[in-house]
Amino acid sequence: MPQTLVVKIGTSSLTRPETGSLALATLASLVEVLSQLQRQGYAVVLVSSGAVGVGCARLGLVERPRTMSRKQAIAAVGQGRLMRVYDDLFTSLQQPIAQVLLTRADLMERSRYLNAYRTFTELFNLGVIPIVNENDTVATDELKFGDNDTLSALVASLIEADWLFLLTDVDRLYSADPRQFPDAQPIGLVNNIEQLEQLQVQTGDRGSQWGTGGMTTKITAARIATNAGVRTAIAEGKRPENILKILQGEPLGTQFEAQPRPMNARKRWIANGLIPAGKLVLDAGAVAAICQAGKSLLAAGILQVSGEFQPSDAVQLCDPFGKEIARGLVNYSSTELNQIRGHHSDEIPAILGYEGAETVIHRDNLVVS
Ligand SMILES: Nc1ncnc2c1ncn2[C@@H]1O[C@H](COP(=O)(O)OP(=O)(O)O)[C@@H](O)[C@H]1O
Ligand SMILES: N[C@@H](CCC(=O)OP(=O)(O)O)C(=O)O
């Protein structure tokens, strides 16, 4: 089986911060490395940011736009130019590429999610490198990936990739932002994301002038990807050749081990593809039943229901302190759950006036965090 790689490059590596113009040398070596990997038999996806940054440079704007409509208009200017540059560079190495623009909504509907999977598979069969970005011009606030780190992790999970490389303008993750704290300690290997909490890694809430999300979204991405069985690396965008070295086993960048028992495809879709429409707060007994005993959720263990949702919608399940412990697809609407929460299953027909489902969320539709 050929290995599948997803490589994400951020705006801060693609453009020069001083002028906003394209970092052509970086782009050229990235294109060379990815073409080489494709020739070696890897299936390669490039997730490229830069539409907004390149659009700004084209229009002579020196600051990232703040309003959504302005960003969307500028992304429409930049995306075409970005693809043109990629096509010129990849064409000089006889490597065909494709543009794949996705919105959050594309992954929420199972049929569209599966269709996206089939399109990627066909592109690999054709020897094409798909170049993915968020479809910024039509995405809405509620249905945005928001950052390409998360998008790249969801793509890696969708296509069951072996590796996700997050290329950025620092060489790895540090215990704190190395720009603000020069003494921050480099982190080489992360066996389990929970380790980062123990190490008290600080990621701030934003990155460089043009980037979105900084390290916080890269760690979220690493969590999604590693839970899906995808090994993840944060590495330096200026040195794309490091991808080859990491694949050969060199300990460069920050590498996150994949979880040993990744979720199956449908559970990955429930956990990552869907946006929860509500929240159920559970008592300690229900939390233990779900997390430790692998049981289904019953109405008796629900303390609180928030949000408005219908049967088959996705909801978050939280412990009594509000920490998310699982996600799942409900069998009841929020109105019904508000009536039956805290009650035993045999009381449900009398409360609702009809025979409801046996469980609130069946364990096959539950994904523990
Ligand atoms: N703990 C940390 N380790 C490394 N970098 C960090 C950390 N916390 C914040 N950062 C910042 O995150 C930035 C990269 O994020 P971002 O600008 O969003 O990049 P990209 O455009 O590649 O997505 C770095 O320039 C760095 O200043
Ligand atoms: N879709 C946006 C990318 C948003 C984003 O995540 O940017 P970055 O933090 O630079 O990876 C664009 O193409 O400008």
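Residues numbered from 1 in each chain as written. Chains lettered and ligands numbered in written order. Predicted model: local features only at pLDDT ≥ 70, side-chain atom pairs only at ≥ 80, totals over all residues. Heavy atoms only, no water.

In the annotation of an unreviewed UniProt entry, the protein chain is listed under the name Glutamate 5-kinase and assigned to Desertifilum tharense IPPAS B-1220. As recorded by UniProt, the Pathway (unreviewed entry) comment attached to the protein chain reads in full: "Amino-acid biosynthesis; L-proline biosynthesis; L-glutamate 5-semialdehyde from L-glutamate: step 1/2." Quoted verbatim from the Subcellular location (unreviewed entry) heading of the UniProt record, the comment on the protein chain is "Cytoplasm". (UniProt positions renumbered as here; feature names shortened; annotations may be inferred.)

On to the UniProt feature "binding site: ATP" (unreviewed entry) in the protein chain. Here, the residues flagged by UniProt with the feature "binding site: ATP" (unreviewed entry) are Lys8, Thr168, Asp169, Thr212, Gly213, Gly214, Met215, Thr216, Thr217 and Lys218. Its place among the elements puts Thr216 in helix α9 (residues 214–227). (Helix = DSSP H or I, 4+ residues; strand = E, 2+ residues; numbered from the N terminus.)

Moving on, we come to the pattern of salt bridges. Considering all chains together, one arrives at 13 salt bridges under this definition. A salt bridge links Asp169 to Arg179; the nearest nitrogen and oxygen atoms lie 2.9 Å apart. Pair noted here: Asp169 is in the loop between β5 (163–168) and β6 (189–190) and Arg179 is in the loop between β5 and β6, with a separation of ten residues, a long-range link. Taken together, the shared-partner salt bridges in this structure form one network comprising Lys8, Asp149 and Lys218. (Salt bridge = Lys/Arg side-chain N within 4 Å of Asp/Glu carboxyl O.)

Turning to the domain arrangement of the protein chain, a few remarks are in order. Per the domain assignment, the segments of the protein chain are domain 1 (4–261) and domain 2 (266–368). Placing a centre on the C-alpha atoms of domain 1 and another on those of domain 2 gives a separation of 34 Å. In this assembly, 14 residues from domain 1 lie in contact with seven residues from domain 2. For the pair domain 1 and domain 2, the summed buried surface comes to about 940 Å²; carbon and sulfur atoms form 51% of the total. Counting the surface domain 1 buries against domain 2, the share from its top three residues, Arg104, Met108 and Arg110, is 49%. Here domain 1 is connected to domain 2 by one salt bridge. (Domains from an automatic or database assignment. Contact = heavy atoms within 4.5 Å. Buried area = accessible area lost by both parts, 1.4 Å probe.)

As a further point, take the pairing of strand β1 (residues 4–9). In regular strands, side chains alternate between the two faces of the sheet. Burial within β1 is extensive, with six of its six residues counted as buried. Every second residue of β1 is oriented toward a common face, with Thr4, Val6 and Lys8 on one face and Leu5, Val7 and Ile9 on the other, all of them buried. Two elements, β1 and strand β2 (residues 43–48), share six bridges in a ladder whose sense is parallel. Within β2, the position partnered with Thr4 by the bridge is Ala43. (Buried < 20%, exposed > 50% of the residue type's maximum accessible area, 1.4 Å probe, protein only. Pairing = 2+ DSSP bridges.)

A separate point is the UniProt feature "binding site: substrate" (unreviewed entry) in the protein chain. The positions that UniProt labels "binding site: substrate" (unreviewed entry) are, in the present scheme, Ser49, Asp136 and Asn148. Their sequence span is 100 residues, while the largest C-alpha to C-alpha distance among them is just 10.8 Å; these annotated residues converge on one region. With respect to the helices, strands and loops of the structure, Ser49 is situated in the loop between β2 and α3 (51–59). A residue is classified by how much of its surface remains accessible, and Ser49, at 9% relative accessible area, is buried. What Ser49 contacts, discounting residues up to four positions off in sequence, is Lys8, Ile9, Gly10, Thr11, Leu14, Leu82, Asn133 and Asn148. By the element assignment, Asn148 lies in helix α7 (residues 148–158). The contact partners of Asn148, leaving out residues within four places of it in the chain, are Lys8, Val47, Ser48, Ser49, Asn133 and Glu134. Among the polar contacts listed, one links the side chain of Asn148 to the side chain of Ser49, at a separation of 2.9 Å. (Polar contact = N/O pair within 3.5 Å; in protein donor to acceptor, adjacent residues only side chain to side chain.)

Time to look at the environment of Ile302. Here Ile302 is to be found in strand β10 (residues 302–307). Relative accessible area serves as the criterion here: at 3%, Ile302 is assigned to the buried category. Residues in contact with Ile302, not counting those within four places in the same chain, are Leu280, Val281, Leu282, Leu297, Leu337, Arg341, Gly342 and Val360.

Glancing now at the pairing of strand β12 (residues 324–329). Among the six residues in β12, five count as buried, and that is most of the element. Strand direction decides the pairing type here: strand β11 (residues 314–318) and β12, joined by five bridges, are antiparallel. Residue pairing in the sheet places Gln316 in a bridge with Arg327 of β12. Remark: five residues form the turn of the hairpin made by β11 and β12, two consecutive strands paired antiparallel; Gly322 in that turn has positive phi of roughly 90 degrees.

We now examine the side chain of Gln95. Note that Gln95 resides in the loop between α4 (68–91) and β3 (97–102). Beyond its immediate sequence surroundings of up to four residues, Gln95 is in contact with Ser35, Gln38, Phe90, Gly127, Val128 and Ile129.

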